[in-house]
Amino acid sequence: MRNLMTYLGLIGAATFVLAAVPANADDASRNKEIQERFAQCDVNRDGKLTLDEAKGCMPRIYDHFSMIDSQNKGYVTVAEIEAIANR
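Read on for a plain summary of the structure. Here the structure is a predicted model, which is why all the values come from computation and not from measurement.

### A look at the environment of G47
Consideration 1: Mapped onto the fold, G47 is located in the loop between α2 (27–41) and β1 (49–50).
Consideration 2: It is 9.9 Å that separates the C-alpha atoms of G47 and A79, two residues lying 32 residues apart in sequence.
Consideration 3: If we ignore the near neighbours within four places in the chain, the residues touching G47 are F38, D42, V76 and T77.

Written out as structure tokens, the structure reads:
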């Protein structure tokens, strides 16, 4: 049951990330968009986006933060967001 919930969560996360960019965008342009928005939100420029940094800046990431931060590190990286978007 836990695996099913994890799988469904990943599908949901991929859906919300993909909804943020045009449907016809290729992977490179989608990743560029993610990287640009991430850079704007990462106010302390440490390469990590905290829940507070995501709030108001990347609302979909904020809404699904705990699912993306599956290891409970307290932050997500641009690579983790891109990985979800590429699923």
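### A short note on the packing of aromatic side chains
Consideration 1: Taken as a whole and assessed by the stated rule, the structure comprises 0 aromatic pairs.
Consideration 2: Stacked on the ring of Y75, the Lys or Arg K48 has its end atom at 4.6 Å from the ring centre.
Consideration 3: In this structure, K73 packs its charged tip against the face of Y75, placed 5.0 Å from the ring centre.

### With respect to the state of the cysteines
Consideration 1: Tallied over the entire structure, the rule returns 1 disulfide.
Consideration 2: Covalently, C41 is tied to C57 through a disulfide, its sulfur atoms 1.9 Å apart. The S-S bond linking C41 to C57 shows a torsion near -85°; that makes this disulfide left-handed. Separated by 16 residues along the polypeptide, C41 in helix α2 and C57 in the loop between α3 (51–54) and α4 (59–63) bring together distant segments of the chain.
Consideration 3: Since its relative accessible area comes to 27%, C57 is described here as partly exposed.

### Comments concerning unusual backbone geometry
Consideration 1: A positive phi is found at R45, a non-glycine position, where the angle reads about 55°.
Consideration 2: With respect to the helices and strands, R45 occurs in the loop between α2 and β1.
Consideration 3: Located in the positive-phi region is N72, a residue other than glycine, with phi close to 55°.
Consideration 4: Within the fold, N72 resides in the loop between α5 (65–68) and β2 (75–76).
Consideration 5: What makes N72 exposed here is its relative accessible area of 65%.

### Focus: the pattern of salt bridges
Consideration 1: Under the criterion given, the structure shown has 4 salt bridges.
Consideration 2: With a shortest N-O distance of 2.4 Å, D27 and R30 are connected by a salt bridge. With D27 and R30 both in helix α2, this residue pair falls 3 residues apart, about one helical turn.
Consideration 3: A residue is classified by how much of its surface remains accessible, and D27, at 45% relative accessible area, is partly exposed.
Consideration 4: Here K73 makes a salt bridge to E80, at a shortest N to O gap of 2.6 Å.
Consideration 5: Relative accessible area serves as the criterion here: at 29%, K73 is assigned to the partly exposed category.
Consideration 6: Among the residues examined, E80 registers a relative accessible area of 22% and is labelled partly exposed.
Consideration 7: Residues joined by salt bridges that share partners form a network here, namely D69, K73 and E80.

About the cut-offs
- Residues numbered from 1 in each chain as written.
- Predicted model: local features only at pLDDT ≥ 70, side-chain atom pairs only at ≥ 80, totals over all residues.
- Heavy atoms only, no water.
- Helix = DSSP H or I, 4+ residues; strand = E, 2+ residues; numbered from the N terminus.
- Contact = heavy atoms within 4.5 Å.
- Phe/Tyr/Trp six-rings, centres within 6.5 Å; stacked < 30°, edge-to-face > 60°.
- Lys NZ or Arg CZ within 6 Å of the ring centre and 35° of its normal.
- Disulfide = S-S within 2.5 Å.
- Buried < 20%, exposed > 50% of the residue type's maximum accessible area, 1.4 Å probe, protein only.
- Salt bridge = Lys/Arg side-chain N within 4 Å of Asp/Glu carboxyl O.

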